[in-house]
Amino acid sequence: MKPFRCSSLSMLMGEPRKKGEILSETAKSHILKVAKQVLFGVEFSIQNKYVEKGNAVEQDSIDLLNLVRGTAYKKNSTRLSNVWVTGEADIVEPDFGIDIKSPWSLETFPITSDEADKPEYEWQARGYMMLYQRPRWEVIYCMVDTPPELMRYEPPQMHICWGIPPEKRITGVEYRRDVELEARIIEKVTAAQELLQKIIESRTALHDLARDLNNNLSSVVLAPPDWSHRANKAARAAFNLEN
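Residues numbered from 1 in each chain as written. Predicted model: local features only at pLDDT ≥ 70, side-chain atom pairs only at ≥ 80, totals over all residues. Heavy atoms only, no water.

**Student:** Tell me about the overall build of the protein chain, and name the residues and values.
**Tutor:** Summing up its helical and strand segments, the protein chain has nine helices and seven strands in all. Out of the 243 residues belonging to the protein chain, those deemed buried represent 35%. Accessible surface, the protein chain as shown: approximately 15200 Å² in total, 55% of it carbon and sulfur. (Helix = DSSP H or I, 4+ residues; strand = E, 2+ residues; numbered from the N terminus. Buried < 20%, exposed > 50% of the residue type's maximum accessible area, 1.4 Å probe, protein only. Areas by Shrake-Rupley, 256 points an atom, 1.4 Å probe, with all protein chains shown as cover.)

See below:
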């Protein structure tokens, strides 16, 4: 079955309102979206200014973290997958991993660990711990300059931060591996995979039925109408008139 992205786990982890169900309405909506991607063979990528900045300054953020910590972290480029999840973490070290976040502006930059502790990123980190088999994972926010072409009409002082000491431009939160929470992930993802499979199979069956019906209709040969009796009748009438 298709594994789900670590970055999308938070969409599946909510609790349903109805008793006895495993998946929330938010989860079901996300699964429908994934089903469309599978059926149509496309990826629905999210493009906005926040994502654009994150992609554009990723290395700048890693450089800032290395400067503050005195480390030499390298960007990971290996994607892993298991039965349930798939993902490509930012930094993978022998005994831990790091997910880098590049805030849009100083206004959106968290300045405390509590502010940095967000459920969507925690579930993503827990997915990575499952994949890379690491006991702990950090989510670190690195505030770096926004590229001018993305800044547009916003005040530059919200985006230009090179004058701020580097150590003040980093905030992080750490998560420890938890087998009970991983069991919840497995339960939710398994239910999501089963629903996804049902949607795809029902859609495929409907398509096959329509195709077979169309083929059957195409094979029916309609005989042309027999106009001979009408022609004979007209000929006899004409003969009588002439005589």
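**Student:** Tell me about the confidence of the model for the protein chain, and name the residues and values.
**Tutor:** Caution is warranted with low-pLDDT regions, since their predicted coordinates should not be read in detail. When the pLDDT values of the protein chain are averaged, the result is 89; 84% of them are 70 or greater. Long-range and interchain partners of residues 234-239, a stretch whose pLDDT sits below 50, account for zero contacts in this model, where long-range means more than four residues apart. (pLDDT = per-residue confidence, 0-100. Contact = heavy atoms within 4.5 Å.)

**Student:** A description of the layout of surface pockets should follow, citing residues and the corresponding values.
**Tutor:** Within this model, the largest pocket holds a volume of roughly 1700 Å³. As for the largest pocket, its lining consists of 45 residues, and the residues nearest its centre are S7, I46, V51, K101 and Q124. Those elements that provide at least two residues to the lining of the largest pocket are β1 (4-5), α1 (9-12), α2 (25-40), α3 (49-56), β3 (85-87), β5 (96-101) and α6 (119-132). Partitioned by chemical class, the residues of the lining of the largest pocket number 17 nonpolar, 15 polar and 13 charged. (1 Å grid on protein atoms, 1.4 Å probe; cavity = no way out; pocket = protein on both sides within 12 Å on 5 of 7 lines; lining within 4 Å. Points joined across faces, edges and corners; volume = space filled by probe spheres on them. Nonpolar A, V, L, I, M, F, W, Y, C, P; charged D, E, K, R; others polar.)

**Student:** I'd like a description of the sheet that holds strand β7 (residues 170-176), backed by residues and values.
**Tutor:** On the basis of which strands lie adjacent, the open sheet formed by four strands has the order β4-β5-β6-β7 and mixed pairing. Both outer strands of the open sheet, β4 (91-93) and β7, are each paired with one neighbouring strand and no more. In this sheet, adjacent strand axes meet at a mean angle of 20° when their direction is disregarded. Bridge count for strand β6 (residues 136-142) against β7 is seven bridges, and the pairing is antiparallel. Bridging from a neighbouring strand, E138 pairs with E174 of β7. Packing of α6 onto the sheet brings it into contact with β4, β5, β6 and β7, and relative to β6 it is tilted by some 135°. (Pairing = 2+ DSSP bridges. Axes fitted to C-alpha atoms, helices over the stretch in contact; angles between N-to-C directions.)

**Student:** With reference to specific residues and values, describe the environment of I199.
**Tutor:** For I199, the position within the fold is in helix α8 (residues 179-219). Separated by 163 residues in sequence, I199 and K36 place their C-alpha atoms 9.5 Å apart. If near-sequence neighbours (up to four positions away) are discounted, I199 is found in contact with I31, L32 and A35.

**Student:** Outline α6, supporting the account with residue identities and numerical values.
**Tutor:** Counted at 1.5 Å a residue, the expected span for α6 with its 14 residues is 20 Å, and the 20 Å between its end C-alpha atoms agrees. Of all the 14 residues making up α6, eleven are buried; the element is thus mostly covered by neighbouring parts of the structure. Inspection of α6 places E122, W123, Q124, A125, R126, G127, Y128, M129, M130, L131 and Y132 among the buried residues, and these make up the whole buried set. (Expected span 1.5 Å × (residues − 1).)

**Student:** How would you explain the sheet that holds β3 if you had to name every residue and give the values?
**Tutor:** Taken together, the three strands give an open sheet; going across it, the order is β1-β3-β2, and neighbouring strands pair in mixed fashion. The sheet is open, and its two edges are formed by β1 and β2 (80-81), each paired on a single side. Pairing of β2 with β3, which is carried by two bridges, proceeds in the antiparallel orientation. In the strand pairing of β3, S81 is matched with T86. Its contacts with the sheet place α6 against β2 and β3, and it is angled at close to 95° to β3.

**Student:** Outline the nonpolar core, listing residues and values.
**Tutor:** By size, the foremost hydrophobic cluster in this structure holds 36 residues, and its most contacted members are F4, L12, I31, W137, I185 and L196. Only α1, α2, α6, β6, β7 and α8 provide two or more residues apiece to this core. With eight residues, the single largest contributor to this core is α8. When near neighbours in sequence (up to four residues on either side) are disregarded, L196 contacts K2, F4, I31, V34 and A35. (Core = buried A, V, L, I, M, F, W, Y, C linked by side-chain atoms within 4.5 Å.)

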